[in-house]
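In case you want the letters, here they are:
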Amino acid sequence: MRGCGTGPGSSVLTGGEALVRALAAHGTDLAFGIPGTHNLEIYRHLAPYGIRHLAPRHEQGAGYAADGYARATGRPGVAITTTGPALLNIAAAVGQAYSDSVPLLVVSPGMPLRHPRLATGMLHEMPSQTEAFRHLTAFSHRVSSVEEIGAAVARAFTLFRTQRPRPVHIEVPLDLLTAAEPAGAPRVAPPHLPVRPRPEALREAAEALRRARRPALVLGGGAHGAGAEALALAERLGAAVATTANGKGAFPESHPRALGVRLHTPAVQKWLAGSDTVLAVGTELAESDLWSAPPALTGTLIRVDIDPAQMYAVLSADIALVGEARETLRALRTLLDELPRVRDEESSTTGAAPAPVDAAALRAEADAGTAGGREGRRLPFLAAIRSVLPPGAVLTSDSTQCCYHGALPHLPVDPPGRYLHPTGFGTLGYALPAAIGAKAGAPERPVVALSGDGGFQFTVQELATAADLALPLPVVVFDNGGYGEIRDEMAARGDAPVAVDHPPLDLGALARAYGGHGARATTPAALADALRTALTVPGPTVITVPEPADHREPAHPTEETDL
């Protein structure tokens, strides 16, 4: 059924149909959201335009699921909310997508076009949704006609395809959703066109890399899709490669030159500071990457980023390469191959070339303090997870101790595998709904969520959504009896613990209540067995790994919100 007798080929459409038509024209095949009184005109048109829908139990879960879908598939995630509280519910997920440069489109109704400035007490009324979201997104666009809807959606997808991808909010006033007006021809964003740096900047960077005796590569989230080029360049330069949390999986962590996610360790920071040339690709080199202020670099910093503003953020670039990672690294490799090797020239006159950094020794030095305590106890469990997962698996994680102290540095991932982590903004409850979105977008890939008991309970209701999906979805929860990170920070301050200890909870029984499965693993072998089973049975399986409640770790250096 279609409103006002309109259809996909009609030029007179309701605002709801014009919105759905524009999404379909840009290849949207799946949307996440919750129907509400004010957005029903959007929902009535989804199926006729071939857009599937998945309904999380909370709008925050819808945002994280759309985020996980986008990161796992490389396509923009779309979330639908209704007005007022529903839109505000998704705000934390939008903030995370902004921090991590994720293409997320949130569409919502808004107050009618001529709604008075003075409050009238209308359902879900708030002073301005667009003003609220203008500070969370790349842009928040309130349309003023049905015809403008197509242009607003095309504007969003143009940003996703040509600029640093960040979330966008489009608001359609309530009266426009149901009004039938001329919509014009469908508007489609231009095709993707690679952004390339200036040739003179590329030559300058290639020359700096050619002469580097102690080169370093740092890959961030912007390096995904350029892994092969980064690998070729690292081998050409003999450089060790570190990744940020968002860059995990862009470079094979099994490679002998890989340092993994260890930028927060003193050993790797010393290596970075002592490198004569640092090539930073798609990363802010921010506090959330380093867990501290960035080290003072002694060498030349070459930045590669699609966002020109990043050339002056945190550490200013000595050589700025504004462009896409794949195109830029490929061009650098070509230029390097055309130039004579300085090391060969030196070796012919001195008899020796500089020795490359021993990445294995540097990894061992960085990990020297992880053998004991809770972090050391996690290592066999993480190894068990790694032993079960096939290539191409997607892991999602939370801003919890078992993830940033454990899985990020100690659970290696090689392409085409992916590891999705909420960096920077540091939201909690990300892992489960992001895994749902990843699995919905790529059902053929194994997906596993990792979390702690505190972070997991922020979005635990999404177990019901995972059960609806009816696809295998293991959820591994390391249970330390509450908010372990904040508990440790309190102890480090000499404070008595307050509101950080949770009474024991049977998470497996909770999973079964939601229509899933539950297991408990007290040994690595038991975890491996439970994970193998969970990857074959429909629906979510919560695998609880209990941790000793009497052990307290040193506090995380910077992220106060982590649990």
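The structure this text deals with has already been given above.
Throughout what follows, the structure given in this document is the object of discussion. Because the structure is a prediction, the values reported are computed rather than measured.

Adjacent strands of a sheet form backbone hydrogen bonds with each other and so pair up, either parallel or antiparallel. An order of β11-β10-β9-β12-β13-β14 is seen for the 6 strands of this open sheet, with the pairing classed as parallel. If you trace the sheet from one side to the other, it starts and ends with β11 (258-260) and β14 (319-322), each paired once. Neighbour to neighbour, the strand axes of the sheet diverge by 15° on average, direction disregarded. With 4 bridges joining them, strand β13 (residues 300-305) and β14 adopt parallel strand pairing.

Our focus in this paragraph is the packing of aromatic side chains. Tallied over the entire structure, the rule returns 5 aromatic pairs. Aromatic pair Trp291 and Tyr404: ring centres 5.9 Å apart, planes at 90°, arrangement edge-to-face. With Trp291 in the loop between α12 (287-290) and β13 and Tyr404 in helix α17 (residues 401-410), this residue pair connects regions lying 113 residues apart in the sequence. Note on accessibility: Trp291 and Tyr404 belong to one class, buried. Seen in terms of ring centroids, Phe381 and Phe478 are 6.5 Å apart; in terms of plane orientation they differ by 85°. Their pairing is edge-to-face. Of the two residues, Phe381 sits in helix α16 (residues 373-388) while Phe478 sits in strand β18 (residues 473-479), which places them 97 residues apart along the sequence. The class for Phe478 is buried, based on a relative accessible area of 3%. Between Arg166 and the ring centre of Tyr98, over which it is positioned, the NZ or CZ distance is 3.8 Å. It is Lys248 that lies over the ring of Tyr419; its NZ or CZ is 5.5 Å from the centre.

Further remarks concern the nonpolar core. Residues Phe32, Ile90, Phe456 and Val542 are the most contacted members of the largest nonpolar core, which totals 44 residues. The residues contacting Phe456, other than those within four sequence positions of it, are Asp398, Leu432, Ser451, Leu463, Val475, Val477, Leu507 and Val542. In this structure, Ile42, Val143, Val146 and Ala152 belong to the second largest nonpolar core, which totals 33 residues.

Put simply, Pro415 and Pro416 share a cis peptide bond, and its omega is 10°. Position of Pro416 among the secondary structure elements: in the loop between α17 and β16 (418-420). For Trp291, which is not glycine, the phi dihedral falls at a positive 60°. Residue Trp291 is classed as buried on the basis of its relative accessible area, which comes to 10%.

What counts, and where the lines are drawn
Residues numbered from 1 in each chain as written. Predicted model: local features only at pLDDT ≥ 70, side-chain atom pairs only at ≥ 80, totals over all residues. Heavy atoms only, no water. Pairing = 2+ DSSP bridges. Helix = DSSP H or I, 4+ residues; strand = E, 2+ residues; numbered from the N terminus. Axes fitted to C-alpha atoms, helices over the stretch in contact; angles between N-to-C directions. Phe/Tyr/Trp six-rings, centres within 6.5 Å; stacked < 30°, edge-to-face > 60°. Buried < 20%, exposed > 50% of the residue type's maximum accessible area, 1.4 Å probe, protein only. Lys NZ or Arg CZ within 6 Å of the ring centre and 35° of its normal. Core = buried A, V, L, I, M, F, W, Y, C linked by side-chain atoms within 4.5 Å. Contact = heavy atoms within 4.5 Å.

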